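Below are the chains, spelled out letter by letter.
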Protein chains: 2
Amino acid sequence: MTNEKLNALRSCMEKDGVSVYLITSTDFHASEYVGDYFKVSEYVSGCTSDNVTLLVEPDRARLWTDGRYFISAAAELKDSGIELMKMGEPGVPEVEAYLEERLQKDGVLAFDGRCVSVKKGLQYREIAARKGASVRGDKDYASLIWENRPPMPSHPVRILPEEIAGCSVREKVEPLRGAVRRAGANYLLLSKLDDLMDLLNIRGADITCNPVALSYGLIGTDSFDFFIQESEVTGEFRDYCKKLAVSLHPYEELRTFLTEKNFSGPVLLDPVCTGYALYELLRDRVPVVMKPNPTELPKAMRTPAQIERTKEYYLLDSAAVCRFIFWVKKHIGKIRITELSAAEKMDSLRREIPGYLDLSFPTISAWGPNAAMAHYAATEENQSEVKPEGFLLVDSGGQYLGATTDVTRTIAVGPLTPEMKRDFTLVAAGNLALLTARFRYGCTGRNLDTYARAPLWARGMDYNHGTGHGIGYILNVHEGPQSIRWKYIPELAEAVFEEGMVTSDEPGIYIEGKYGIRTESIVLCVKDMENEFGSFMRFEPLTWAPIDLDAIDTGYLSDADIRRLNDYHREVREKILPLLNEEEGAWLIEATREI
Amino acid sequence: MTNEKLNALRSCMEKDGVSVYLITSTDFHASEYVGDYFKVSEYVSGCTSDNVTLLVEPDRARLWTDGRYFISAAAELKDSGIELMKMGEPGVPEVEAYLEERLQKDGVLAFDGRCVSVKKGLQYREIAARKGASVRGDKDYASLIWENRPPMPSHPVRILPEEIAGCSVREKVEPLRGAVRRAGANYLLLSKLDDLMDLLNIRGADITCNPVALSYGLIGTDSFDFFIQESEVTGEFRDYCKKLAVSLHPYEELRTFLTEKNFSGPVLLDPVCTGYALYELLRDRVPVVMKPNPTELPKAMRTPAQIERTKEYYLLDSAAVCRFIFWVKKHIGKIRITELSAAEKMDSLRREIPGYLDLSFPTISAWGPNAAMAHYAATEENQSEVKPEGFLLVDSGGQYLGATTDVTRTIAVGPLTPEMKRDFTLVAAGNLALLTARFRYGCTGRNLDTYARAPLWARGMDYNHGTGHGIGYILNVHEGPQSIRWKYIPELAEAVFEEGMVTSDEPGIYIEGKYGIRTESIVLCVKDMENEFGSFMRFEPLTWAPIDLDAIDTGYLSDADIRRLNDYHREVREKILPLLNEEEGAWLIEATREI
């Protein structure tokens, strides 16, 4: 099967004299998750990973993906004729190093330049130049070889009323134009879908759980051209754009528009999330300024109105999580619960919330050893029963007309070993230390990550993922620019924590073949005090759900840890109790008791 | 007085058509501390700060320095006609931003390009280009206007026996050549004095407390040219160089040599610590590769032989510090002690140690409110008596034939207020948390700084300096590449902590007008465990001196903090007791008692 697809690709390559063809797993907007239309790497390789680079050569094919997918990718690539390259493992070259080795004089590296970022495209071009090879960024072989390709995703655009959006479009566009000018440009070419949605106070449905519409924006000093499939444009949206002086164009016409436009000054674009093909098209016509999108920071800093709605929905969402934990605790060992039936229970409790739109990602429900796989997804064919022992880990979230939520609780569903309790307790201590940290204004996630990991590091343990990611507002569940992680990556800019940023706090521990633990709460960054020593910031929890006391071993907690846990639980009780029925309430009082 | 010097400068500027003349406080080697010959900014302005940029214009003069010197610089610049620019203060432009504003079309920015780094020089050139102005890096006005200028420092070079150096020159030069090749160059032009000393296993005496000799090295694939003042070359050193196949040249002849040399490939230089003038000279003749010196990391990673000697000397040095604390505690309130007499006592105890060479910096001895100034220096004219109340802070260190030491202890010399005890205790907790931290291999100082600051941050307090700096081996007391600090500086590369690195751990707290506290121990980075979660590192203390229990309020310590303090004190007792006399020993037992 797969080999036929590789062969079809290789025929195209031979015709064009291409020595290496590169396929990514992203769309034209560098999205983390993509519509089916864009799953070219999955079509060719069978590999469902979200972070893939596939290099096809006449005599070999290799697929790079990251640690979240090593196990699943290995299974999917079996007998495919494609070799798995485990990113970051010792002895595995990076894509760039591998290209450096494989590209020969007069060789040709080709790809669909819409699905490769400017940054990567330029790196590839540099490597090719060093080797006397060349790069073709206009080879879209998917459109030639993919039979029965799914259609481009297309769903009507929804306009957010200003009171829900929390800020008017004008209040965002004018400062943005100033930022573009300060960056030395007259235009911003914006490809990032969540930034476009936020800027225009609209939402789409072109990516599962990510309420975005495929689109581009070209924002000039006194112009705003917006490119979107005509099938997504409602009459209401057309009127809306007219009022905002936003000119509508068909999505497909961006290239023609850019080619024919008489630019009156430099164009700013973000090399990390703009397609290399657009850069190729622009660079001979107009000076290109490459800097991060100036939309990123304002989008991440919630307005007071957004914060108010966010807090309301996080309360309702937290109450649903509490109800779910109660349901699990009540029924475990009495009725048959599977990973999927548990997930369905969680999802159904969310659906009851007024203003519910969608899940923010498919619910992760993993029992026992399954939870040791950080990106485990249960399926009908392949799932586990939730037996009354060990842990059930549930990582879930919703999209509401006022928030995107994300929360993980690990629930003791039966007897635990001392190791399980120790690890659960250390993770809880790390989660709470970060949650309650006070820190100087100017800190980035690399300063703060230490709070969450110190209890585990002290015992020679760790988790192999970041501690926190930004979260959108009725948008993507993974957003930048802030993140909380420890590893130093010189070329990666770090974002200072600003007032109004919403971020996850999710340490964990994963013991292969045994169990997985993660405790994730979402936090809002707020100003703390300003005094002779400087300005201080802190976090406020947005998530209010008990941390399972059945899994706590106080022998691993300091007095300060215990105080933090009791303080958090007291607030959970105060905030959530009024939202529960009597039976649920009685359980919550017990679940949040002082220890 | 000062105005006459400014006028002399302005005459030179007028003659050459220079609109802005820039003076730094460094020498030709980007040294932090410099010989008197190089103190041009001090000669012109009267300002003794170590980190100065002075911009002289026809109608104004401005001097930038950092927070350590705001108070002293303000006093020194009074009535000088030079305005103080406080670096990093709100509203104060950086030198570059100021130049951007002041340089006009056809303007000329001039400086002595030997005392300006390549990095800065190129930034200035870029600014000038943007403004249609130009840059002259060959204007050494100091030599024209400075009457009675001190001579160039010059002291004979000392050769370290291999058993003291801890590594042969050959063992260092061959890997260095490999690193230069890997960086894409055939030559390394090395200007950094400590790197040169380390590479050749020699020491000089051209900068107070910094055992370095003014010199340059040009290391080729099979050549090593070393430039040093002839007055520093002994017969022994000449023979030594001959054996090492190092060609000796007079210091002054570097420029001629570089101008006449037929380079067979690119030259590597570190833009941060090489003079811009050298780059100007090279850039038209040979490709220049600009990267950090590949000598930096090997120099920072102590060899086992160096570690052994370092530990021995730190024991002796720590015993001297213990004796000093005992002396203070015994005599305070009974004999007259001044800041300078205390410093002299400390220094005299160091001088008694066999293998003592010099202080590693002038001893800081500060009582009461004086200690709130982080870089306080007592003088005969202006010093304080050490009264029997509050704290005496002593920050000191020595150069030995096997170590460079640095240690700060804050000693309770009488009654303390509750605030003093609280702050002392929090600083101790931070110091010990960092000292005992276990952390993943790959961490830089920005991950680790959080350990030291968290106890203070939690109470809205902080100290306005870094937590740790690297320390040389019988070399400079401040060395890179590692450092422990929290602030994110995007353009500053961070160094991963490697086995064998020696670093300070020195949190503090400074209450203006009241008191200052700092607890500084030196730590060695060692490998800890390697397991399924990754590789872990930790620190081992090198400094063994009690943290004053008279100033500890256990109400501010967790059980873990108390355990760390007791563990440290037990080791102090075990290691230092054998080095003390009976009276001193009795005191140490009490001073390190379990709490």
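Here goes a summary of the coordinates provided. (Residues numbered from 1 in each chain as written. Chains lettered and ligands numbered in written order. Predicted model: local features only at pLDDT ≥ 70, side-chain atom pairs only at ≥ 80, totals over all residues. Heavy atoms only, no water.)

1. Considerations on the overall build of chain A
Selection rule: A run of DSSP states H or I qualifies as a helix once it reaches four residues; a run of E qualifies as a strand once it reaches two. Both are numbered from the N-terminal end. Atoms considered for the radius of gyration are the C-alpha atoms alone. The globule rule reads 2.2 Å times the number of residues to the power 0.38. Using a 1.4 Å probe on the protein chains alone, a residue whose accessible area is under 20% of its type maximum counts as buried, one over 50% counts as exposed, and one in between counts as partly exposed. Here, two residues are considered to be in contact whenever any of their heavy atoms come within 4.5 Å of each other. Neither His nor the chain termini are counted; the positive set is Lys and Arg, and the negative set is Asp and Glu. For charged residues, the charge sits on one atom: NZ in Lys, CZ in Arg, CG in Asp, CD in Glu.
Of regular secondary structure, chain A possesses 19 helices and 28 strands. In terms of overall dimensions, chain A is globule-like: its C-alpha atoms have a radius of gyration of 25 Å, near the 25 Å expected for 595 residues. Each principal axis of the C-alpha atoms in chain A carries an extent, and together these give about 70 × 55 × 50 Å. Counting only residues that meet the buried cut, chain A has 60% of its 595 residues in that class. In chain A, the share of contacts with a sequence separation of at least 24, taken over all contacts with a separation of at least 6, comes to 70%. Separation between the mean location of the 69 positive side-chain charges and that of the 90 negative ones in chain A comes to 2 Å.

2. Topic: the packing of helix α8 (residues 169-182) of chain A against helix α9 (residues 193-200) of chain A
All names here are of chain A. Let me state the cut-off plainly: Note on geometry: axes are lines fitted to C-alpha atoms, helical ones only across the stretch in contact, with angles between N-to-C directions running from 0 to 180 degrees. Every angle not falling under 35 degrees, over 145, or within 65 to 115 is termed oblique; those three ranges are roughly parallel, roughly antiparallel and roughly perpendicular. In this count, Pro and Cys sit with the nonpolar residues alongside Ala, Val, Leu, Ile, Met, Phe, Trp and Tyr, while Asp, Glu, Lys and Arg are called charged and the others, Gly among them, polar.
Look at α8 against α9: their axes get within 7 Å of each other, and the N-to-C directions meet at 120 degrees. The orientation of α8 with respect to α9, classified from their angle, is oblique. Of α9, the residues touching α8 (which contributes Val-169, Lys-172, Val-173 and Leu-176) are Asp-198, Leu-199 and Leu-200. Looking at the contact of α8 with α9 residue by residue, the classes come out as five nonpolar, no polar and two charged.

3. Observations concerning the relation of the copies chain B and chain A
This is how it is decided: Least-squares fitting of one copy onto the other uses the C-alpha atoms of those residues that reach a pLDDT of at least 70 in both copies.
At an RMSD of 0.1 Å, chain B and chain A line up after a rotation of 179 degrees and a shift of 0.1 Å along the axis. With respect to symmetry, the two chain copies, as superposed, fit the operation of a two-fold axis. Closest approach to the rotation axis within chain B is made by the C-alpha atom of B:Asn447, at a distance of 2.7 Å.

4. Let's talk about the pattern of salt bridges
All names here are of chain A. Here is the rule: Salt bridges are defined by distance alone: a side-chain nitrogen of Lys or Arg within 4 Å of a carboxyl oxygen of Asp or Glu.
In the structure shown here, the tally under the stated rule is 89 salt bridges over all chains. The residue Arg-102 makes a salt bridge to Asp-59 at a minimum N-O spacing of 3.8 Å. With Arg-102 in helix α4 (residues 95-102) and Asp-59 in the loop between β2 (53-57) and β3 (60-65), this residue pair connects regions lying 43 residues apart in the sequence. On the accessibility criterion, Asp-59 (53% relative accessible area) is exposed. We note a salt bridge from Lys-192 to Asp-194, for which the minimum N-O separation is 3.3 Å. As far as burial versus exposure is concerned, Lys-192 and Asp-194 are alike and both buried. One network of salt bridges, with partners in common, ties together Lys-192, Asp-194, Asp-195, Lys-299 and Glu-479.

5. Re the pairing of strand β26 (residues 515-518) of chain A
All names here are of chain A. Rules: Strands qualify as paired when DSSP identifies two bridges or more between them.
Of the two faces of β26, the one lined by Tyr-515 and Ile-517 and the one lined by Gly-516 and Arg-518 are each fully buried. As paired elements, strand β25 (residues 508-511) and β26 share four bridges and run antiparallel to each other. Residue Ile-511 lies in a different strand from β26, and its bridge partner there is Tyr-515. Where β25 hands over to β26, the hairpin turn is made up of three residues, of which Gly-513 adopts a positive phi near 75 degrees.

6. Let's talk about the sheet that holds strand β6 (residues 134-136) of chain B
All names here are of chain B. If you trace the six strands from one edge of the open sheet to the other, you get β4-β3-β2-β1-β5-β6, paired in mixed fashion. Unpaired on one side and paired on the other, β4 (83-86) and β6 mark the two borders of the sheet. When strand polarity is set aside, the average angle formed by the axes of neighbouring strands in this sheet is 20 degrees. When strand β1 (residues 20-24) meets strand β5 (residues 108-111), the two strands line up parallel, connected through three bridges. Within β5, the position partnered with Tyr-21 by the bridge is Ala-110. Contacting β1, β5 and β6, helix α5 (residues 118-131) runs over the sheet at an angle of about 145 degrees to β6.

7. Observations concerning the packing of aromatic side chains
All names here are of chain A. Test applied: When the centres of two rings from Phe, Tyr and Trp lie within 6.5 Å, Trp using its six-membered ring, the rings pair. Their planes under 30 degrees apart give stacked, over 60 give edge-to-face, and anything left gives tilted.
Scanning the model with the defined rule gives 48 aromatic pairs over all chains in all. Measuring from centroid to centroid gives 5.1 Å for Phe-227 and Phe-257, while their planes differ by 70 degrees, and the two rings are edge-to-face. Of this pair, Phe-227 sits in strand β11 (residues 224-228) while Phe-257 is found in helix α11 (residues 254-260), placing the two residues 30 residues apart along the sequence. Cluster of aromatic residues (ring-pair linked, three or more members): Phe-111, Tyr-124, Tyr-276 and Tyr-279.

8. Comments concerning the environment of A:Gly508
Residues and elements named next belong to chain A. Examined against the element boundaries, Gly-508 turns out to sit in strand β25. Given a relative accessible area of 0%, Gly-508 falls into the buried group. Taking C-alpha positions, Gly-508 is 40 Å from Lys-5, a pair spaced 503 residues apart along the chain. Setting aside its immediate chain neighbours within four residues, Gly-508 contacts Val-427, Leu-456, Tyr-463, Ile-517 and Arg-518.

9. Remarks on the interface of chain B and chain A
The line we're drawing: The quantity reported as buried area is the accessible area (1.4 Å probe) lost by two parts once they are put together, taken as the sum for both. Identification of polar contacts relies on pairs of N or O atoms within 3.5 Å, with a donor-acceptor requirement for protein atoms, meaning one able to donate a hydrogen and the other able to accept it, and with residues adjacent in sequence counted only if both atoms are side-chain atoms.
In this assembly, 30 residues from chain B lie in contact with 30 residues from chain A. Considering only the side of chain B, the residues that lose the most area to chain A are B:Trp457, B:Tyr488 and B:Phe533, jointly responsible for 23% of the buried surface there. At the boundary of chain B and chain A, one finds four salt bridges. Ionic pairing is found between A:Arg440 and B:Asp462, a salt bridge with its closest N-O pair at 2.4 Å. Counting every contact that joins chain B to chain A gives 18 residue pairs in polar contact (both at pLDDT 80 or more). When residues of the side of chain B that touches chain A are assigned to their parent elements, the largest contribution, six residues, is made by helix α17 (residues 445-457) of chain B. Split by residue class, the side of chain B that touches chain A holds 18 nonpolar, six polar and six charged.

10. Focus: helix α19 (residues 582-591) of chain A
All names here are of chain A. Worth spelling out the cut-off: Each direction from the helix axis to a C-beta atom contributes to the arc, which is the arc of those directions.
Taken together, the buried positions of α19 are occupied by Glu-584, Gly-585, Trp-587, Leu-588 and Ala-591. In a view along the axis of α19, the buried residues occupy a sector of 165 degrees, so they form one face of it. For α19, the capping residue at the N-terminal end is Asn-581, with a side-chain oxygen 3.1 Å from the backbone nitrogen of Glu-583.

11. A word on the sheet that holds strand β19 (residues 403-404) of chain B
Residues and elements named next belong to chain B. What the three strands build is an open sheet, ordered β15-β18-β19; its pairing is antiparallel. Lying at the two open borders of the sheet, with one neighbouring strand each, are β15 (356-359) and β19. Relative to β19, strand β18 (residues 398-400) runs antiparallel, the two sharing two bridges. Bridging across to β19, Tyr-400 finds its partner in Ala-403.

12. A word on the environment of A:Thr234
All names here are of chain A. Its place among the elements puts Thr-234 in the loop between β11 and α10 (235-244). Residue classification places Thr-234 among the partly exposed positions, given a relative accessible area of 25%. In this structure, Thr-234 is in contact with Pro-156 and Val-157, ignoring residues within four places of it in sequence.

13. Considering the side chain of B:Thr467
Residue and element names in this part refer to chain B. Here Thr-467 is to be found in the loop between α17 and β22 (468-470). Overall, the relative accessible area of 0% leaves Thr-467 in the buried class. One polar contact links Thr-467 to Asp-449, side chain to side chain, over a distance of 2.6 Å. In contact with Thr-467, other than residues within four places in its own chain, are Leu-434, Asp-449, Ala-452, Arg-453, Ile-484, Ser-504, Asp-505 and Glu-506.

14. A short note on the environment of B:Gly333
Looking at the secondary structure, you find B:Gly333 in the loop between α14 (304-331) and α15 (339-351). Separated by 286 residues in sequence, B:Gly333 and B:Cys47 have C-alpha atoms that sit 36 Å apart.

15. Digging into the side chain of B:Ser168
Topologically, B:Ser168 is positioned in the loop between α7 (162-165) and α8 (169-182). Not counting residues up to four positions away in its chain, the partners in contact with B:Ser168 are B:Glu162 and B:Asn201.

16. Topic: the nonpolar core
Inclusion rule: For this analysis, a nonpolar core means a set of buried residues of the types Ala, Val, Leu, Ile, Met, Phe, Trp, Tyr and Cys, connected via side-chain atoms within 4.5 Å.
In terms of nonpolar packing, the biggest core is built from 180 residues, with A:Phe324, A:Phe439, B:Phe324 and B:Phe439 touching the most fellow members. Those residues in contact with A:Phe324 that sit more than four places away from it in its chain are A:Ala342, A:Lys345, A:Met346, A:Leu349, A:Leu392, A:Val394 and A:Ile411.

17. A closer look at unusual backbone geometry
Residues and elements named next belong to chain A. Following Gly-480, the chain continues into Pro-481 via a peptide bond in cis, with omega recorded as 0 degrees. Position of Pro-481 relative to the elements: it lies in strand β23 (residues 479-484). Its identity is not glycine, yet Ala-245 carries a phi of approximately 60 degrees, on the positive side. One can find Ala-245 in the loop between α10 and β12 (247-250). What makes Ala-245 exposed here is its relative accessible area of 54%.

18. Some words on helix α18 (residues 559-576) of chain B
All names here are of chain B. Where we set the bar: For a helix, the expected span equals 1.5 Å multiplied by the residue count minus one.
For α18, spanning 18 residues, the distance from its first C-alpha to its last is 26 Å, which sits close to the expected 26 Å at 1.5 Å a residue. Every buried residue belonging to α18 is among Asp-561, Ile-562, Leu-565, Asn-566, Tyr-568, His-569, Val-572 and Ile-576, and all of these are buried. Viewed end-on, α18 has its buried residues packed into an arc of 165 degrees, placing them on one side of the element. Pointing more than 90 degrees away from the buried face of α18 are the exposed residues Asp-559, Arg-563 and Glu-574.

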